[in-house]
Each structure stands twice: as structure tokens, then as C-alpha cells.
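Report on the structure
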Amino acid sequence: MPFPLSLETLVSKPMMFLIFGLIGFAFGFVLESAGFGNSKKLAAQFYFKDMTVLKVMFGAIITAMVLLFITIGLGILDFSLVWVNPTYLASGIVGGLIMGVGFIIGGFCPGTSLVAMATRKIDGLFFVFGVLFGIFVFGETVEYFYDWWNTAGYMGRVTIPEWLGVPVGAVVVAVVLMALFMFWGAEQLERIFGGRDLSKEPRWRRYAAVGIVTFAVSVMIIGTPTTEEKYERIASVKDAALANREVQINPGELLDSVANDTLRVVMLDVRSEAEYNQFHITGAENVPLAQIRSILPEVQAQQAINTVFVLMSNDEEAATEAWKALQAESVTNVYILEGGINQWIGTFGQEESDIVQVASPSGNDSLCFSFPAALGDRYDAADPSPHEWTLDYTPKVKLEVKRDKSSGGCG
Amino acid sequence: MTTLNQTQKNWRSRLFDRPTRPYIHPYLGGLLLGLVLFAAFFITGNGLGASGGLNRIIVFFEDLIAPAHIDRVPYLLKMAGGALNPLDDWVVPLVFGTIAGGFLSGWFGGRLKVETNRGPHISKRTRWLMAFIGGAFMGYGARMARGCTSGQALSGGAVLSLGSWAFMFAVFAGAYALAYFVRRLWN
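What counts, and at which threshold
Residues numbered from 1 in each chain as written. Chains lettered and ligands numbered in written order. Predicted model: local features only at pLDDT ≥ 70, side-chain atom pairs only at ≥ 80, totals over all residues. Heavy atoms only, no water. Helix = DSSP H or I, 4+ residues; strand = E, 2+ residues; numbered from the N terminus. Rg over C-alpha atoms; globule rule 2.2 N^0.38 Å. Contact = heavy atoms within 4.5 Å. Areas by Shrake-Rupley, 256 points an atom, 1.4 Å probe, with all protein chains shown as cover. Lys, Arg positive; Asp, Glu negative; His and termini not counted. Charge placed at Lys NZ, Arg CZ, Asp CG, Glu CD. Patch = residues over 30% accessible without salt bridge, like charges linked within 9 Å, V, L, I, M, F, W, Y side chains within 5 Å. Salt bridge = Lys/Arg side-chain N within 4 Å of Asp/Glu carboxyl O. Buried < 20%, exposed > 50% of the residue type's maximum accessible area, 1.4 Å probe, protein only. Pairing = 2+ DSSP bridges.

We now examine the overall build of chain B. Of regular secondary structure, chain B possesses ten helices and zero strands. Each helix and strand of chain B, placed in order from N terminus to C terminus, yields the pattern α-α-α-α-α-α-α-α-α-α. In terms of overall dimensions, chain B is more spread out than a globule: its C-alpha atoms have a radius of gyration of 20 Å, far above the 16 Å expected for 187 residues. Projected onto its principal axes, the C-alpha positions of chain B cover 55 × 45 × 40 Å. For chain B, the share of sequence-separated contacts (at least 6 apart) that also reach a separation of at least 24 residues comes to 55%. When the accessible surface of chain B is summed, it comes to about 8100 Å², and 68% of that surface belongs to carbon and sulfur atoms. Seen as two clouds, the 18 positive and the 7 negative side-chain charges of chain B have centres 16 Å apart.

Set out below in C-alpha cells:
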């Protein structure tokens, strides 16, 4: 899955900035060509005389949407690496209303005022100054409602199909049909309020409508790849890493990593809740294998350069399955605890008389120890001191730089 | 001297006095803008943005004037705290590219005339004042909503972000609700 490209690692920084500059260039060129540098044209949208804003905006959204979800469905583009604006319902709606007010008073939005300014429109220049002033005031006042701004209606990275619990294709088709209906309605409004002669409108717009619906329906037919399908595409490389034991870390390395202040180690115990309650490593979170997908949004939100995920089961089987699922979803810095909980107790629990070994690890992922009670992490072996143990191991944790998709134009 | 003035005049007129071409058809504009947006996501994983870049530019100047103040405000700290350079972000070159692209398109379409677009019943000064006030609302709202029409509505809309769609309808609702009361500005 090569797209989106990992620009940080592929090209130098000036080159990366040049690419973004070129994208911005195309953006500005198209905005100006469509008439977005003219405030009168933009404001006419709100008096139903000229619905260019709606047509261009929704035209762009549905074009980009169908292309995105087709390439995602075909497995060319990895959706988990695409920036999706996180949902902050309250601040989004309040901010949106304020922007609506600014739009009708000022006649631009920030992007369009830039091209207005670039084409020497004085009102555009004043608007840009206004935007800078408004941004400055926001930066100075946000502290008074910082908690509300960061938490009210926060839902994280959530898409409409996820929220509704319906397939992506269905939403794509519905959005396209809604947009086409809005285009039709917009043309009628222009005829009534703006006196536009619709017979002079080009015929190709009908073909374009048929084309976009065809694309949308194909999104529905292609569907979205399952985790297994995504793993299949990367299986050759990843299976080799598993076979070469590149990602299975020694209990000693886990212990040292947890003690290392520069690392943030997230331990995910993928066994059943019952086994987790019997014994688990201090700090490990219980996520049974069947539910591993449900924590993906949380895991993706936690990804940072210094975060390491360590998966564990009784041996390695379930942890390996979980590892494959996280790899398929492009989570970086994921490792498996070598030999699982059985090897962990075998290493750190020798002195613990309460824990009795009842079987030798057979690799079938069953717990080889019996416990007097389900004490969870209240055994000494659950929380060994890194100062008392010095184990020989080959370090395997290599931090992979996460892609910068942390701002999405909103940083 | 005359020749110099002449060349200067020619140069200026070639840049600014080109015949005006009509805007492209809105649906074609939508298609092209959609292709740009798709290319941005496909290549970089990020959408488009404008207010984020302006934000970083203003914070850059704030940081020059009052670096200690930046270090006390968590919102500003994230962009310019300590040795962080607020301009070191992809959205900044995007903004400069947008300005350059707009200029070239304006040149191409003969639309580089200095002018103030306004309704027939207001003076230029009123229009400038309104542009500034409207811009201030826009800037404030865009930061509150974590993105403007480009960064939230277009980009988030295309990837079907729930919050971006709620935001988009709020923008249109706000503008339509007020449109009647400020109709003298535009009509």
C-alpha cells in the first residue's frame, strides 16, 4: 500500500514543502478560475442569484470523495493514513455559525480571500487582515474556554458511515445523489432569483452527472477491504519479519522499555478477560483478540514517535494474530512479547511459590500456570523491578517515525 | 527616460491590462477543485487548508514580539513554544502556493485589476470595514472550528468526517440566517 506517500522519509524537507506549495498553487489557480476571488459572486450565493459556491464546493467534494473511496476500496490508498478531521461537535457547530456570519458580512472565506488579495482586490486584502486579526484574538481568548473547546462533543476520528453503521458505498451514493439534487435545485433558484436562462447551460453537465453516479455505484460494488484483505497485500514482507523473529521482543527488553522514560509503552493483553484477571503484567490493558479492531481509533490516536505497542497472549499465537491486524491497519511500532505470559512468568516468577507450573509451554496459547486466586497484577512477577533483573537479549525495538498527519490544515 | 517609462508601462500593461476572460463553468470548477483535493489526499494524506497557514503566520509574528507570552498560552505553545518554528508546517507553503496560483489565474483571465467588489449601495470604505469585520469573524470561527471552508468543509467533507459535515451545514445556516438582514451590503 504505497499511498499516501510517506513524504517525510521519501524526500527532503524543501522538496516536501515544494510539493505542498504546488498543491496550493493548483488550489489557488482553480479557486480564482471559478470566480472565488470575487466577493460579489460569493455573496450572491446567499441571495439565490448565483449558486456558484454551492456548485463548486459540492462538485469538488463529490469528485474527491468518489475517487478517494474507489482507490481506498481497491487498496491503492490506505485510509488509516488519510487525515480525517476529528469531530468536535460543539466547537465545530459554534465555529461554523460564527464563520457563516463572517461569510455574509465579509464576502469571503479565508482561502478565497487569499486569491482575491492575490488578484489585487482591496476588499480581499482587508478581509485577509480581518482574518489575521480574528485568529490573533482567538489565540488570546481560547484559554477562557479551553476545556470546552477540547472536549465538548468530542467524538474523535469518526466518519458518517461509521456513525450510521452502514457501508461506505451507501453513504457515497447518497451524498452524490443529494449533491445532484442540490445542483438541480440551485439551477432552479438561479432561474427564479437570478434570471438565468437554463437552456444555455451546457449539455455535458448531464453526462458528468451520469459519470459521477457510475463512480459512486462502483464504490458500493468494490466495497472496502477487510483487515484480512489488507494484510494479504503486505503479507510477504510481514510474514518474513515474523519468521525472522524481528518483532518478538524478549521479556527483558519489555521490562527495560517500560522503565525507559523516553518511551511510552502501551501493553495490550489480547487474552480472555478470565485469564487476564488471573494474572497480567502491571500496566497491561485487556483487549481480547476478537475486539482488537474496536480499539483501532484509540490506538491510532495514541501513535506518536515514542509510543511502542506490545501485544501479548499466553504463548504467541493470539498476539501474532493481533499483530497482523494492527499491521494491516498501518499502526507503527507494534511488537509481540516473546513467549507470551508463559515465558514472562517462567522468567520473573521463579521465586513466586504461589504460582505453580502445571504444563510446559506447547505453543498452543494455553496458560501453563495455576494461581491460588485471580489476583491480576498483584503478584510480584507482574511488576518485576528493572534494577533487580539484568537479562541478555537482542534489542529489537526500532522506532519508526510516524507520518505527519496531525494537523490537516487546522494546525 | 521616455523609453524606460515606455518599457515599464508595457510591462505593467502586459501584466495587468489583459483582456478579461469569463470564469470557468462552476461544475468544471468543482471537478477541477475535486481533482486537486483528491491529489492532495492521495499523495500526502492531507487535504487542503488556508486558515491554519494564516494562523501560523500570525503566531510567527507574535513569537517575534512576545516569545514569553507564547510560552504561557498552551494553544500557542503547541505551534511556537521554545525553539519550535511556527512556519515549519506543510500548511504554510500551501498558503503561499494558493496566493501564487490565484495570481497566475488572475493574470491568465485578465482579472488583476485593482478594485473593490461591493454592493451598489455602499461606499468603498464601508465595504473595506465590513470586509475586515467579516474577516475577523471568519478567522475567529475558523480557529474555533479547527479549520475553515477548505480545511474542514472541503477536506473533511470529502473523507466523510461527521464533524466536518455538521460544520458545513452550520456555516451555511449562519450565513443564510443573517443574509436577509445585511442585504443592503450586497444588493
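A few words on a nonpolar patch on the surface. Residues Trp204 and Tyr207 of chain A together with Leu28, Leu31, Leu32 and Leu35 of chain B make up a contiguous nonpolar surface patch of roughly 540 Å² in combined accessible area. Secondary structure elements with two or more residues in the nonpolar patch: helix H11 (204-222) of chain A together with helix H2 (26-44) of chain B. With respect to the element layout, Tyr207 of chain A can be found in helix H11. Tyr207 of chain A gets classed as exposed once you look at its relative accessible area, which sits at 57%.

Before going further, it helps to spend a moment on the pairing of strand S4 (residues 264-269) of chain A. All names here are of chain A. Of the pairings in the sheet, the one linking S4 to strand S6 (residues 307-312) comprises six bridges and is parallel in character. Residue Val265 lies in a different strand from S6, and its bridge partner there is Val308. In the sheet, S4 pairs with strand S5 (residues 285-286) via two bridges, with the strands oriented parallel. The partner of Leu268 across the bridge, within S5, is Glu285.

As a further point, take the side chain of His25 of chain B. Mapped onto the elements of the fold, His25 of chain B is located in the loop between helix H1 (2-16) and H2. Excluding residues that lie within four positions of it along the chain, His25 of chain B makes contacts with Glu201, Pro202 and Trp204 of chain A.

Take a negative patch on the surface next. All names here are of chain A. On the surface, Glu228, Glu229, Glu232, Asp239, Glu317 and Glu321 cluster together to form a negatively charged patch. Elements with a contribution of two residues or more to the negative patch: helix H12 (227-243) and helix H16 (317-328). Looking at the negative patch, the element that brings in the most residues is H12, giving four residues. Position of Glu232 relative to the elements: it lies in helix H12.

This is a description of form; function is not addressed.
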